Amino acid sequence: MADRLRLEVVTPTRLVVAETVDEVVVPGSDGYFGVLPGHAAFLTTLGTGEVIYRIDRDEFYLAVSGGFAEVRNDKVIVLADAAERPEEIDRGRAARAKERAERRIFGGSSEEAIDYARATAALDRALARHQTVSRNR
Ligand code: ATP
C-alpha cells in the first residue's frame, strides 16, 4: 500500500488534474465519499458537486458534473462530463445559469413545457460552480 494516492481528473476534452495527493473526496451519484490510501477498489457514477483533494495541509477544489469515478490500486480516476478549477469558473455565467434554471423550475411558465429533471440538473451544476468559485479567495 502506498502512503499517497494518484489522482487524475479528465473530461472529454482535457486533463484537469494529475497529482499525487493525500486524500480525495468525490461526489458520487449516491453521495460524497472519501478515499485514503488503501481504499478498496470500486467504480461509481459521478454526481454533481465538488471534488476536494488534499496535498499535505492544502485543500483544492474542482466543480464537477456527470461521469464516472474509479478507485483502484491507490489511484483515483475521475472521468467527468465537465470539471473546472475555481479560477476557471465564470461567476457571471454560473449566476445566469442558476437564474435560468430557477425561472424554469419555479417560474410557473404556462407556455413552455418544462423538463424539470433537466432544469434541476442545470441548477445543481450552477450551484456547484458557485460554491467552487467562492473558494477562490
Ligand atoms: P451553461 O448553461 O452556462 O452553458 P451548463 O451547466 O449547461 O452551463 P455544461 O454543459 O455543464 O454547462 O458545460 C459545458 C462546458 O462549459 C464545459 O466545458 C464546462 O466546463 C463549461 N462551463 C459551464 N459553465 C461554466 C462557467 N460558469 N465557467 C466556466 N466554464 C463553464
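Note that the structure is predicted; figures quoted are calculated from it, not measured.

Student: So what's going on with the nonpolar core? Residues and values would help.
Tutor: The nonpolar side chains of a soluble globular protein tend to be buried, and buried together. Ranked by size, the top nonpolar core spans 22 residues in total, and within it Leu7, Val9, Val24, Tyr53, Leu62 and Val78 carry the most contacts. Elements that contribute at least two residues to this core include exactly strand S1 (5–10), strand S2 (15–21), strand S3 (23–28), strand S4 (31–35), strand S6 (48–55), strand S7 (58–72) and strand S8 (75–84). Setting aside anything within four residues of it in sequence, one finds leucine 7 in contact with Val17, Ala18, Glu19, Val21, Val24, Tyr53, Val76 and Val78.

Student: How would you explain the site of the ligand if you had to name every residue and give the values?
Tutor: Residues in close proximity to the ligand include Ala82, Glu84, Glu88, Ile89, Asp90, Arg93, Ala94, Arg100, Arg125 and Arg129, which together make up its full environment. Contact between the ligand and arginine 93: an oxygen atom at 2.8 Å from a side-chain N or O atom of the residue. For the ligand, an oxygen atom lies 2.9 Å from a polar atom in the side chain of arginine 129. Contact with the protein chains hides 64% of the accessible area of the ligand, taken as 590 Å² for the molecule alone. The cavity where the ligand resides is the largest pocket.

Student: So what's going on with the pairing of S8? Which residues, and what values?
Tutor: Where S1 and S8 come together, five bridges link them in parallel fashion. In the sheet register, valine 9 faces S8, and the bridge partner there is valine 78. In this structure, S7 lies alongside S8, joined through nine bridges in antiparallel fashion. Counted as the bridge partner of valine 64 is alanine 83 from S8. Once S7 ends, the chain turns through two residues before running back antiparallel as S8, passing asparagine 73 with a positive phi of about 50°.

Student: Lay out the domain arrangement of the protein chain in plain terms, naming residues and giving numbers.
Tutor: Each assigned domain of the protein chain is listed here: domain 1 (5–86) and domain 2 (89–135). Averaged C-alpha coordinates put domain 1 and domain 2 at centres separated by 24 Å. Taken together, the contact between domain 1 and domain 2 spans eleven residues of the former and nine residues of the latter. Buried surface at the junction of domain 1 and domain 2, both sides included, amounts to about 840 Å², of which 56% is carbon and sulfur. If you sort the residues of domain 1 by the area they bury against domain 2, Thr48, Glu50 and Pro86 come out on top, with a joint share of 50%. Put simply, domain 1 and domain 2 have two salt bridges between them. When the shortest N-O distance is used, the salt bridge between glutamate 50 and arginine 135 registers 2.8 Å. Where domain 1 touches domain 2, the interface holds six residue pairs in polar contact (both at pLDDT 80 or more).

Here is what the cut-offs are and how they apply
Residues numbered from 1 in each chain as written. Predicted model: local features only at pLDDT ≥ 70, side-chain atom pairs only at ≥ 80, totals over all residues. Heavy atoms only, no water. Core = buried A, V, L, I, M, F, W, Y, C linked by side-chain atoms within 4.5 Å. Buried < 20%, exposed > 50% of the residue type's maximum accessible area, 1.4 Å probe, protein only. Helix = DSSP H or I, 4+ residues; strand = E, 2+ residues; numbered from the N terminus. Contact = heavy atoms within 4.5 Å. Near = heavy atom within 4 Å. Polar contact = N/O pair within 3.5 Å; in protein donor to acceptor, adjacent residues only side chain to side chain. Areas by Shrake-Rupley, 256 points an atom, 1.4 Å probe, with all protein chains shown as cover. 1 Å grid on protein atoms, 1.4 Å probe; cavity = no way out; pocket = protein on both sides within 12 Å on 5 of 7 lines; lining within 4 Å. Sits in = over half its atoms within 2 Å of the grid points. Pairing = 2+ DSSP bridges. Domains from an automatic or database assignment. Buried area = accessible area lost by both parts, 1.4 Å probe. Salt bridge = Lys/Arg side-chain N within 4 Å of Asp/Glu carboxyl O.

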